[in-house]
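So you can see what is in the structure, the chains are spelled out below.
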Amino acid sequence: MKAEKKTKYIIANWKSNFTETEALQWVSTFISYDFSSSLGNFRIIICPPAPFLSLAREKTKHLSFVQVGAQDVSFFPEGAYTGEINARALTGFAHYAIIGHSERRYYFGETERILSQKCSEATKNGLEPIFCVRAAGDSIPSHVRFVAYEPVEAIGTGNNEPLKKVLAMKKNLRLLPETYFIYGGSVQKSNAGEYLNNPEIDGLLVGRASRDPQSFFEIIKQYAA
Ligand code: PGA
């Protein structure tokens, strides 16, 4: 009997891009692709900017292998916090929330205390945190099941971190056995297969290359291609 391939999580982080029309165009194009040959082997998590979460969710809800994630979540609960998007508000749209991305840490000064608060708000409300770390020094809040290792030098630079170094970092992070270990940083079609087809790596977090649905689809196809 053929062994069932391990489920891999392939995450599109659109970051702060797109108008509503562009977001709609992306999702419509993406769901028109033929995923049948790989069904069951991967989960796709689309993380659009908050105003497009509902659109992404509506358009993909008939596809069991596609889920939606938020790019961030407030560290406050519901309340008088103008402009904030709290975890409870997100639960209708998103299954996941990216927390601790290096851009949030750098541009928005998010500290470990804030990030741990965000994780507890997310989990309390049934959102699964995808917690990003830049290196082994970044502490990981307890109960986090998805850890994305994203070395800053690799993000948006075209210099993806070699597989060997990624695996060495996984060891240094001393993750619990049930943790999903995701790699992110300049992932594209040409390098995705190496990570995806390694049993130690549970998925990919894709920024720039996820802005084009075709190139994101090409990345997914590298799994056991
Ligand atoms: P990149 O971004 O794929 O553009 O390097 C990854 C990320 O920041 O999540």
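Residues numbered from 1 in each chain as written. Predicted model: local features only at pLDDT ≥ 70, side-chain atom pairs only at ≥ 80, totals over all residues. Heavy atoms only, no water.

1. What about the overall build of the protein chain?
Okay, step 1: Each helix and strand in the protein chain was counted, giving eight helices and eight strands.
Okay, step 2: For a compact globule of 225 residues, the expected C-alpha radius of gyration is about 17 Å, and the protein chain comes in at 17 Å, within 12% of that figure.
Okay, step 3: Overall, the protein chain is about 55 × 40 × 35 Å in size when its C-alpha atoms are taken along their principal axes.
Okay, step 4: Among the 225 residues that make up the protein chain, the fraction classed as buried is 48%.
Okay, step 5: Considering only contacts in the protein chain between residues 6 or more positions apart, those separated by 24 or more positions represent 67%.
Okay, step 6: Accessible surface computed for the protein chain: about 11,200 Å², of which carbon and sulfur atoms make up 50%. (Helix = DSSP H or I, 4+ residues; strand = E, 2+ residues; numbered from the N terminus. Rg over C-alpha atoms; globule rule 2.2 N^0.38 Å. Buried < 20%, exposed > 50% of the residue type's maximum accessible area, 1.4 Å probe, protein only. Contact = heavy atoms within 4.5 Å. Areas by Shrake-Rupley, 256 points an atom, 1.4 Å probe, with all protein chains shown as cover.)

2. As for the pattern of salt bridges
Okay, step 1: Counting across every chain of the model gives 14 salt bridges.
Okay, step 2: Between arginine 88 and glutamate 78 there is a salt bridge; the shortest N-O distance is 2.7 Å. One end of the pair, arginine 88, is in helix H3 (residues 87-90); the other, glutamate 78, is in the loop between strand S3 (66-70) and H3, and ten residues separate them in sequence.
Okay, step 3: A salt bridge links arginine 105 to aspartate 138; its shortest N-O distance comes to 3.8 Å. Taken together, the residues span a long stretch of sequence, with arginine 105 in helix H4 (residues 102-107) and aspartate 138 in the loop between strand S5 (128-133) and strand S6 (146-149) at a distance of 33 residues.
Okay, step 4: Taken together, the shared-partner salt bridges in this structure form one network comprising Asp72, Arg104, Glu110 and Lys118. (Salt bridge = Lys/Arg side-chain N within 4 Å of Asp/Glu carboxyl O.)

3. A few points about unusual backbone geometry
Okay, step 1: One non-glycine residue, histidine 143, lies in positive phi territory at about 75 degrees.
Okay, step 2: Mapped onto the elements, histidine 143 comes out in the loop between S5 and S6.
Okay, step 3: Residue classification places histidine 143 among the exposed positions, given a relative accessible area of 67%.
Okay, step 4: For arginine 174, which is not a glycine, the phi torsion comes out positive at approximately 50 degrees.
Okay, step 5: Along the chain, arginine 174 falls in the loop between helix H6 (163-173) and strand S7 (180-184).

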